[in-house]
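Survey of secondary and tertiary structure
Each chain, letter by letter, is given below.
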Amino acid sequence: MKFFIDTANLNEIKAAQALGVLDGVTTNPSLMAKEGITGKNNILKHYVDICNIVHGDVSAEVNAVDYDGMIREGEELVDLHPQIVVKLPMTKEGIMACKYFSDKEVKTNLTLVFSAGQALLAAKAGATYVSPFIGRLDDISTDGLALVEEIREIYDNYGYETEILAASVRHTMHIVNCAKIGADVITGPLSAILGLLKHPLTDIGLAQFIADFEKGNK
């Protein structure tokens, strides 16, 4: 399973890259704004800065909601860097734009996916990634992981190559459960990834090893 980090914070991306397990980055206008990155030129430069840190795919989101605008913005994003993946909304226009880019062998990520039917359309349109938002479904008392399972079953039934990118991951158990049910990718905060390292018995055992080593070397 691939690990992406969902942020626009360069320091967090550097930390995840240094850990040695980072496969890519996802971001969006809200995350850009959170880091104080505003204005078209600054946002485009920031995408390039991200690409220069991570070795894998970087999803860059279009802001347009109309087909022509999505194509125009997507082509501009693709020209920024070879690692850019055009991130499109799950709308009729987004599906049309996905088909346009997939025909040109441009990588795409269909975002804001909340149903198996939407994921099926994304795969039919040739999306590279489909992003079901599991955390947001959990927020409204709906099982986000069950959606990932449904998409996995459909894609396996027909051999679709679109990768399931579990988005809106909130915590460590989201990651573990996504791995158990066959998500191809997860994207979430650095804290969730680092949480996989933690176990009290590891801490206790390491403390004992250190204590025994120091005792034997006095």
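See the structure above.
What counts as what
Residues numbered from 1 in each chain as written. Predicted model: local features only at pLDDT ≥ 70, side-chain atom pairs only at ≥ 80, totals over all residues. Heavy atoms only, no water. Pairing = 2+ DSSP bridges. Helix = DSSP H or I, 4+ residues; strand = E, 2+ residues; numbered from the N terminus. Axes fitted to C-alpha atoms, helices over the stretch in contact; angles between N-to-C directions. Contact = heavy atoms within 4.5 Å. Buried < 20%, exposed > 50% of the residue type's maximum accessible area, 1.4 Å probe, protein only. Core = buried A, V, L, I, M, F, W, Y, C linked by side-chain atoms within 4.5 Å. Patch = residues over 30% accessible without salt bridge, like charges linked within 9 Å, V, L, I, M, F, W, Y side chains within 5 Å. Areas by Shrake-Rupley, 256 points an atom, 1.4 Å probe, with all protein chains shown as cover. Salt bridge = Lys/Arg side-chain N within 4 Å of Asp/Glu carboxyl O. Lys, Arg positive; Asp, Glu negative; His and termini not counted. Charge placed at Lys NZ, Arg CZ, Asp CG, Glu CD. Phe/Tyr/Trp six-rings, centres within 6.5 Å; stacked < 30°, edge-to-face > 60°. Parallel < 35°, antiparallel > 145°, perpendicular 65-115°, else oblique. Left-handed = near helix turned anticlockwise from the far one by under 90°. Expected span 1.5 Å × (residues − 1). Arc of directions from axis to C-beta.

The strand order 1-2-3-4-5-6-7-8 describes a closed barrel built from eight strands, whose pairing is parallel. Mean inter-strand twist for the sheet, computed between neighbouring axes without regard to direction, equals 30°. Sheet analysis places strand 2 (residues 24-26) next to strand 3 (residues 57-61), joined by three bridges and oriented parallel. Bridge pairing in strand 3 links Gly 24 to Asp 57. Helix-sheet contacts for helix 4 (residues 67-78) involve strand 3 and strand 4 (84-89), and the interaxial angle to strand 4 is about 160°.

Our next topic: unusual backbone geometry. Even without being glycine, Glu 105 reaches a positive phi, approximately 60°. Examined against the element boundaries, Glu 105 turns out to sit in the loop between helix 5 (92-103) and strand 5 (108-113). For Glu 105, a relative accessible area of 75% translates into the label exposed.

Time to look at the nonpolar core. Within the largest apolar cluster, 59 residues are counted, with the highest numbers of intra-cluster contacts made by Leu 88 and Leu 110. Broken down by element, the residue count for this core peaks at five residues, all from helix 8 (residues 144-158). Apart from the residues within four sequence positions on either side, Leu 88 is in contact with Val 62, Met 70, Gly 94, Ala 97, Cys 98, Phe 101, Thr 108, Asn 109, Leu 110 and Thr 111. By size, the runner-up hydrophobic cluster in this structure holds seven residues, among which are Phe 4, Val 85, Phe 133 and Ala 167.

Another aspect to go through is a negative patch on the surface. Taken together, the side chains of Asp 138, Asp 143, Glu 149, Glu 150 and Glu 153 make up a negatively charged region of the molecular surface. Broken down by element, the residue count for the negative patch peaks at three residues, all from helix 8. Inspection of the secondary structure puts Asp 138 in helix 7 (residues 134-139).

This part takes up the packing of aromatic side chains. Counting across every chain of the model gives five aromatic pairs. Between Tyr 100 and Phe 101, the aromatic rings sit 5.2 Å apart at their centres with planes inclined by 85°, giving edge-to-face as the arrangement. By relative accessible area, which is 1% here, Phe 101 ends up buried. Geometrically, the ring pair formed by Phe 114 and Phe 133 is tilted, given 5.8 Å between the ring centres and 55° between the ring planes. With a gap of 19 residues between them, Phe 114 in the loop between strand 5 and helix 6 (116-124) and Phe 133 in the loop between strand 6 (129-132) and helix 7 connect regions that are remote in the sequence. Judged by its relative accessible area of 9%, Phe 133 is buried. Among the aromatic residues, those joined into a ring-pair cluster are Tyr 155, Tyr 158 and Tyr 160.

Next up on the list: the packing of helix 4 against helix 5. Helix packing for two helices is described by the angle between their axes and how far apart those axes are. Taken N-terminus to C-terminus, the directions of helix 4 and helix 5 make an angle of 45°; their axes are 9 Å apart at the nearest point. By the criterion of interaxial angle, the relationship of helix 4 to helix 5 is oblique. Crossing of helix 4 against helix 5: the hand is right-handed. Contact residues: Tyr 67, Met 70, Ile 71, Gly 74 and Glu 75 in helix 4; Glu 93, Gly 94, Met 96, Ala 97, Tyr 100 and Phe 101 in helix 5.

The subject of this paragraph is helix 5. Over its 12 residues, helix 5 extends 17 Å from the first C-alpha to the last, a length consistent with the 16 Å expected when each residue adds 1.5 Å. Among the residues of helix 5, Gly 94, Ile 95, Ala 97, Cys 98, Phe 101 and Ser 102 are the ones counted as buried. Relative to the axis of helix 5, the buried residues are bounded by an arc of 165° and lie together on one face. Exposed residues pointing more than 90 degrees away from the buried face of helix 5 are listed as Lys 92 and Asp 103. Where helix 5 is buried, its residues contact helix 4, strand 4, strand 5 and helix 6.

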